[in-house]
Amino acid sequence: MTEIEIMTTASLGDTSYLLVSGDEAAVVDPQRDSWELAESCTARGVRIRYALETHVHNDYVSGAMELRAATGAVIAGPARAPYAFDHLGLAEDDEIRIGDATVRAMETPGHTAEHTSYLLFDGDAGGEGREPEPVAVFTGGSLLVGTAGRTDLSGEHRTEELARAQFRSLRRLALLPDATRVLPTHGAGSSCSAGAAGGERTSTLGAERRTNPALAGDEEAFVHGRMAGLPPYPAYYHHMAPVNRAGPRVLGGLPEPRPLTPVVVEGLAGGGAQIVDGRDRVAFAAGHLPGAVCEELDERFAGLVAEVVPFGARLVLVVPEPEAAAAREAVRQLLRIGYEDVAGWLAGGVGAWVAAGRLLRSFRTAPAASLAGRLDGRLVLDVRPTRPEGGVPGTVHVPLPDLPRRLGALPRDREIWTVCGTGRRAMIAASLLHRAGLPVTALTPGGVSALL
């Protein structure tokens, strides 16, 4: 009997799958930090035969190369994917075996040009004289729970072409039997999704036919929806496909981040390294290292770092306690999206910095409600990714990812108050403004709704 284990990376809104049949396995769309999974399979006496890719990923660094290095697994993926490394290309109807299970390729272009879904047939499916029915389909970035994958990741010049291909792919998938499990890679929280994905990570074809708007309507309406109104995707996406096509550097395990002294941190910062402070936002505002960017360490940490820190930048971390474990978690998240150059973490945190005779910097915070109905000529900067038409009267909207390149246009003789939906992006924005020498107050706790 085939078993499917679901492994969700909530920080990216993605899901990988471990398919086990007998003593053999395949991992579908593995994350980069797949080392523990490989060790677990070895301990269970299960051999990972394949690392199976549905497409060249735009939102994370693939773990296929890591699995191959750790287990000898064959990397299999779309025949049309322009990978620069050895792999098994799978075209329409090509099959691989994992134990008693059969996996069959089904070309479903749209999310990307080479995108391929995989039908899973259990060993005892079917019968004499009739085609077996699939028990599941790994849909990657094609059919998602409640929506479908966006089609603009290959550039505006290909969006319409891929949207039309996505429409046709979805209609092919919709012909599968009602009971077929739908196992997508992207889900809620992923910017690869076009529209609001459902809260569930998996579904069935029958449920999606009944409820998924992407399976309703005609082609022109579908294409129009894929070409208008989508929020911008993260800037780091531009770097992921080239990394995954070339083949990511094999790490062989999570690198152990180094504890650093204040002297070393000071030297690194002077040499251009970016200090990223993962402590609580209030503690950051009260006292932080000069030039540091605030980004609280939780499951959203790396994605928000990527909104304001250039890809490839050298990083130094300031982390909450327990410091060593927090630093490892930060490094893990950053590696998933290709931020590899982490010099280490400040041992002892801001306390060690002060004890070494170094100064901290600080700025004011205020509850957003304190400005409700009386902006009083202040420049209130709304840094949400998008905002309703018109927004709050008197505020200026600059999405957080755009802020670093627009700092020079902001006034230096006028206090700036930063605000967002919850206070989190407002604090990141305030740290950028403060680093640039601008007078700033972060509106946290609270968000834009408190100004109404």
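Below, the structure is looked at part by part.

Things to note about the overall build of the protein chain
In terms of regular secondary structure, the protein chain is built from 13 helices and 25 strands. Relative to its length of 452 residues, the protein chain is compact, with a C-alpha radius of gyration of 24 Å against a globular reference of 22 Å. Structurally, the protein chain occupies a C-alpha span of about 80 × 50 × 30 Å along its principal axes. Counting every position in the protein chain, which comprises 452 residues, the buried fraction comes to 54%.

Observations concerning the pairing of strand β10 (residues 136-140)
With five of its five residues buried, β10 lies for the most part within the structure. Taking every second residue as pointing to the same face, both faces of β10 are buried, with Ala-136, Phe-138 and Gly-140 on one and Val-137 and Thr-139 on the other. Pairing between strand β9 (residues 116-121) and β10: three bridges, direction antiparallel. Bridge pairing in β10 links Leu-119 to Val-137. Here four bridges tie β10 to strand β13 (residues 181-184), and the two strands are oriented parallel to one another. Residue pairing in the sheet places Ala-136 in a bridge with Arg-181 of β13.

Some details on the environment of Leu-254
Within the element layout of this structure, Leu-254 appears in the loop between α6 (237-246) and β16 (259-260). In this structure the C-alpha to C-alpha distance between Leu-254 and Thr-147, which are 107 residues apart in sequence, comes to 34 Å. Those residues in contact with Leu-254 that sit more than four places away from it in its chain are Trp-35, Arg-328, Val-331, Arg-332 and Leu-335.

Regarding the environment of Leu-304
Structurally, Leu-304 is set in helix α9 (residues 301-308). It is 8.7 Å that separates the C-alpha atoms of Leu-304 and Ile-428, two residues lying 124 residues apart in sequence. Non-local contacts of Leu-304, meaning those with residues more than four positions away in its chain, are made with Glu-295, Arg-424, Arg-425 and Ile-428.

Considerations on the packing of α9 against helix α13 (residues 424-435)
Where α9 meets α13, the closest approach of the two axes is 11 Å, and the angle between their N-to-C directions is 40 degrees. If you check the angle between α9 and α13, you find them oblique. The way α9 lies across α13 gives a crossing that is right-handed. Note on element contacts: α13 touches α9 through Arg-424, Arg-425, Ile-428 and Leu-432, opposite Phe-301, Leu-304, Glu-307 and Val-308. When its residues are assigned to classes, the contact of α9 with α13 shows five nonpolar, no polar and three charged.

Focus on the nonpolar core
Nonpolar side chains tend toward joint burial in soluble globular proteins. Of all hydrophobic cores here, the largest spans 68 residues; its most connected members are Leu-289, Leu-317, Leu-334, Leu-403 and Leu-410. Discounting chain neighbours no more than four positions away, the residues touching Leu-317 are Val-276, Phe-301, Ala-327, Ala-330, Val-331, Leu-334, Val-342, Gly-344, Trp-345 and Leu-346. Ala-51, Ala-64, Leu-67 and Tyr-83 belong to the second largest nonpolar core, which has 20 residues in total.

Focus on the packing of α9 against helix α10 (residues 323-336)
As a packed pair, α9 and α10 sit with axes 8 Å apart at the nearest point and diverge in direction by 60 degrees. Taken together, the axis directions place α9 and α10 in an arrangement best described as oblique. Along this stretch, α9 crosses α10, giving a crossing that reads as right-handed. Contacts from Phe-301, Ala-302 and Val-305 of α9 reach α10 at Ala-330, Gln-333 and Leu-334. Residues belonging to the contact of α9 with α10 are distributed by class as follows: five nonpolar, one polar and no charged.

Things to note about the pattern of salt bridges
Per the stated rule, a full pass over the model turns up 26 salt bridges. Its salt-bridge partner being Asp-178, residue Arg-209 comes within 1.9 Å of it at the nearest N-O pair. One end of the pair, Arg-209, is in helix α4 (residues 205-211); the other, Asp-178, is in the loop between α3 (156-173) and β13, with 31 residues separating them in the sequence. On the basis of relative accessibility, which here comes to 33%, the residue Arg-209 falls in the partly exposed class. For Asp-178, a relative accessible area of 47% corresponds to the partly exposed category. Ionic pairing is found between Arg-328 and Glu-256, a salt bridge with its closest N-O pair at 3.0 Å. Of this pair, Arg-328 sits in helix α10 while Glu-256 sits in the loop between α6 and β16; the two residues are 72 residues apart in sequence, bridging distant segments of the chain. Under the relative-accessibility criterion, Glu-256 is labelled exposed at 52%. Here the salt bridges share partners, and the residues they tie into one network are Asp-33, Glu-36, Arg-332 and Arg-336.

What counts, and where the lines are drawn
Residues numbered from 1 in each chain as written. Predicted model: local features only at pLDDT ≥ 70, side-chain atom pairs only at ≥ 80, totals over all residues. Heavy atoms only, no water. Helix = DSSP H or I, 4+ residues; strand = E, 2+ residues; numbered from the N terminus. Rg over C-alpha atoms; globule rule 2.2 N^0.38 Å. Buried < 20%, exposed > 50% of the residue type's maximum accessible area, 1.4 Å probe, protein only. Pairing = 2+ DSSP bridges. Contact = heavy atoms within 4.5 Å. Axes fitted to C-alpha atoms, helices over the stretch in contact; angles between N-to-C directions. Parallel < 35°, antiparallel > 145°, perpendicular 65-115°, else oblique. Left-handed = near helix turned anticlockwise from the far one by under 90°. Nonpolar A, V, L, I, M, F, W, Y, C, P; charged D, E, K, R; others polar. Core = buried A, V, L, I, M, F, W, Y, C linked by side-chain atoms within 4.5 Å. Salt bridge = Lys/Arg side-chain N within 4 Å of Asp/Glu carboxyl O.

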